[in-house]
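The residues making up each chain are set out below.
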Amino acid sequence: MKFAVGGMQHETNTFAPTRADLDAFVKGGGWPTIQYGDSLFQAVEGANLPVAGAITCLLAGGHKVVPLAWAAASPSAQVTREAFETIVGSLLERLRDAMPVDGVYLDLHGAMVCEHVDDGEGEILARVRKLVGAGVPVVASLDLHANVTRRMIQCADAVTIYRTYPHVDMAATGARAAQRLLDIARGRGLASKAFHVFDYLTPLPSQCTFAEPAKRIYELLKQIEREHRVWLDFAPGFPMADFAECQMTAVCYGAGEQQAREALSVLVKAVEEAEPDFALTLWTPADAVAHAARRGEPGAPVVLADTQDNPGAGGNGDTTGLLAAMIEARAPDAVLGLLIDPAGAAQAHRLGEGAAGDYRLGATSGVAGQEPVTGRFVVERLGDGHFTCTGPMFKGFRMNLGPMALLREQRSGVRVVLASVKCQAADQEMFRHVGIDPVRQRIVAVKSSVHFRAHFQPIAREILVVRAPGPALADPADFPWRNLRPGLRLRPLGPAFMPPATRDLATPGTGPDQAAPLNIKPPRTTPPDPVPYG
Ligand SMILES: [Zn+2]
């Protein structure tokens, strides 16, 4: 059989400072660069990427694979109309040329918001469906942070979603999607759909599948799949996209409607009951640094997650709150990475290794209240930013982070790893590239929410999630939401969203924080009926 394969991945934080233009997808920002046609095979070969897993699965079955277009960019604010239309336009044109095909596989994220379309993936799936017609199977893989919409479910024969965070199963999810595509193409698919939308949002750091409650939810999910003979998926979602379908969802495919609904309701009940367990503990920068200085030692560092400036959630990796706290405390054997500062890295490369200079580091993207860290730093090591990741999640990713540098602040001895291209610090090679072995430190601060855990948890004595300035707010209730579904709880057991107009009417003269207690809604004790779909 002949299958068309393509994709576009973007995770959109509508509150972030910078949009994703075509150049962001051309360069990839830590992901492989944009690919058209056959070059895709080589660009993703061996990488932990959904499209790589799908291609491997389809080729292993002896099928013909036609690569269309594939692109990804670092999470940020909205995707520009030009980027979306250029990439999707090319994907559709190549699909038209490839037809007839026996099926289409799409590697999508599921939380892409564009300048002109709120539901980017729903729009892609609708256009693909319109082109190939109702009879050709279309299957997409999605990120665990997908805000799955009704339109996506309606337009795809099936979606399947990562089951790990850190996402160590991206390639495996692509392979599972390809398997479902093959099953459907052979007439052995599960055609009845049931879809459920949950009533609360969860903070990113508490979605980690190494920890409860996500760990037991995904174990249950696999058990339900086996026992009920269904395809079942769960997306905790991405709680930073201000549109009506920013939400946590679950979807189930069965041989019949009743079967799909029953299996889904078992998972729904477990997720509803887990609401209190999704609550999050956050540290202030000063408390976290003091605790880490006491507890960390070379061989067993304490890792600090600077979650609110996570470039993997729309931050630019340039805020200085945690770095300033480390310098202020003169934290011993402490390093922060990656601080994205092309000018600082260029200055270090001009000065050369061993040279001291006065720097103004970070705070380049205008996050409110942020100041650069100023002081005298010594250039300890330079790097060209080219290296290959080795951790469980990014294994095989060939990085190109531009000029990099390791600087040491002269008074405190605190070190900082600078990079020129925005990327989440989720692989130890990002530190080793400039001569830092993370395990030899007492304190390792990473601009990441959860993905770093795949490579850093095994060496960490403790991990603390720190609330330092940045646009990727750890507590979803902190965002100035305007467009969510009314009644959605903004955090586990938290205040429910009311549209701004209603809110102002209900509590004149007060901001959302003051108004919130009026709107608290207790969690459900019995799960609602899942919404059948399709
Ligand atoms: Zn994700």
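Figured I'd write up the structure that's included with this text.

About the criteria used
- Residues numbered from 1 in each chain as written.
- Predicted model: local features only at pLDDT ≥ 70, side-chain atom pairs only at ≥ 80, totals over all residues.
- Heavy atoms only, no water.
- Helix = DSSP H or I, 4+ residues; strand = E, 2+ residues; numbered from the N terminus.
- Rg over C-alpha atoms; globule rule 2.2 N^0.38 Å.
- Buried < 20%, exposed > 50% of the residue type's maximum accessible area, 1.4 Å probe, protein only.
- Areas by Shrake-Rupley, 256 points an atom, 1.4 Å probe, with all protein chains shown as cover.
- Contact = heavy atoms within 4.5 Å.
- 1 Å grid on protein atoms, 1.4 Å probe; cavity = no way out; pocket = protein on both sides within 12 Å on 5 of 7 lines; lining within 4 Å.
- Points joined across faces, edges and corners; volume = space filled by probe spheres on them.
- Nonpolar A, V, L, I, M, F, W, Y, C, P; charged D, E, K, R; others polar.
- Salt bridge = Lys/Arg side-chain N within 4 Å of Asp/Glu carboxyl O.
- Polar contact = N/O pair within 3.5 Å; in protein donor to acceptor, adjacent residues only side chain to side chain.
- Donors = N, O, S within 2.8 Å, 3.2 Å for Na, K, Ca; no water.
- Tetrahedral: all angles 85-135°; square planar, octahedral: opposite > 155°, others 65-115°.
- Pairing = 2+ DSSP bridges.
- Axes fitted to C-alpha atoms, helices over the stretch in contact; angles between N-to-C directions.

Below, the discussion takes up the overall build of the protein chain. Tallying secondary structure elements over the protein chain gives 16 helices and 20 strands in all. Since a compact globule built from 534 residues should have a radius of gyration of about 24 Å, the 23 Å found for the protein chain is in line with a globular shape. Reported as C-alpha extents along the three principal axes, the dimensions of the protein chain are approximately 70 × 55 × 40 Å. Here the protein chain holds 534 residues, and 63% of them are scored as buried. A total accessible area of about 19000 Å² is found for the protein chain, and carbon and sulfur atoms account for 50% of it.

By secondary structure assignment, the location of E297 is in the loop between α10 (285-295) and β10 (302-305). Among the residues examined, E297 registers a relative accessible area of 36% and is labelled partly exposed. For E297, the residues in contact, after removing those within four places along its chain, are Q441, R442 and R461.

Our focus in this paragraph is empty space enclosed by the protein. Where empty space is left becomes clear once a probe the size of a water molecule has been rolled over the atoms. The final tally for this structure, using the stated rule, is one cavity of 30 Å³ or more. The computed volume of the largest cavity comes to approximately 290 Å³. As for the largest cavity, its lining consists of 26 residues, and the residues nearest its centre are W31, P75, G312, Q424 and H451. Tallied by class, the residues present in the lining of the largest cavity amount to twelve nonpolar, twelve polar and two charged.

This part takes up the pattern of salt bridges. Counted under the stated rule, the structure contains 30 salt bridges. Across the salt bridge formed by D23 and K27, the nearest N and O atoms sit 2.9 Å from each other. Separated by four residues within a single helix, D23 and K27 lie in helix α1 (residues 22-27), roughly one turn from each other. Residue classification places D23 among the partly exposed positions, given a relative accessible area of 37%. Put simply, R163, R176, R180, E225 and D233 are held in one network by salt bridges that share partners.

Bringing the side chain of E123 into the picture now. With respect to the helices, strands and loops of the structure, E123 is situated in helix α5 (residues 120-132). Here E123 falls in the buried class, since its relative accessible area comes to 15%. One polar contact links E123 to R127, side chain to side chain, over a distance of 2.9 Å. Polar side-chain contacts of E123 include one of 2.8 Å to the side chain of R151.

The next subject is the coordination of the zinc ion. Only D143 (OD), D143 (OD), H145 (ND1) and H167 (NE2) from the protein reach the zinc ion as donors, at distances of 2.0 to 2.8 Å. For the zinc ion, the four donor atoms in the first shell make angles of 51 to 141° at the metal, so the coordination geometry reads as irregular.

Counted residue by residue, strand β4 (residues 103-108) has six buried out of six residues, so it is predominantly covered. Burial of β4 is two-sided: the residues G103, Y105 and D107 facing one way and the residues V104, L106 and L108 facing the other way are all buried. In the sheet, strand β1 (residues 2-9) pairs with β4 via six bridges, with the strands oriented parallel. Across the sheet, the residue bridging to G6 is L106, located in β4.

Strand pairing in a sheet is mediated by backbone hydrogen bonds. Such pairs are either parallel or antiparallel. Pairing is mixed across the open sheet formed by eight strands, whose spatial order is β12-β13-β16-β17-β11-β18-β10-β19. Strand pairing shows two members of the sheet lacking a second neighbour, β12 (356-361) and β19 (462-465), which therefore form its edges. Strand-to-strand twist in this sheet, taken as the mean axis angle between neighbours without regard to direction, amounts to 30°. Helix-sheet contacts for helix α11 (residues 321-328) involve β10, β11 (334-340), β13 (373-383), β16 (404-409), β17 (415-419) and β18 (443-446), and the interaxial angle to β11 is about 155°.

It is worth spelling out the layout of surface pockets at this point. The volume enclosed by the largest pocket comes to roughly 750 Å³. Residue lining of the largest pocket: 33 residues in total, with A24, K27, G29, G30 and V421 positioned closest to the centre. Mapped by element, the contributors of at least two residues to the lining of the largest pocket are α1 and β15 (398-400). Class assignment of the residues belonging to the lining of the largest pocket gives a composition of 13 nonpolar, 13 polar and seven charged.

Taken in spatial order, the six strands line up as β2-β3-β1-β4-β5-β6 in an open sheet, and their pairing is mixed. Every interior strand has two partners, whereas the edge strands, β2 (35-36) and β6 (158-161), have only one. In the sheet, β2 pairs with strand β3 (residues 64-72) via two bridges, with the strands oriented antiparallel. For Q35, the partnering residue across the bridge sits in β3 and is W70. Across the face of the sheet, α5 comes into contact with β1, β4 and β5 (138-142) while running at roughly 170° to β4.

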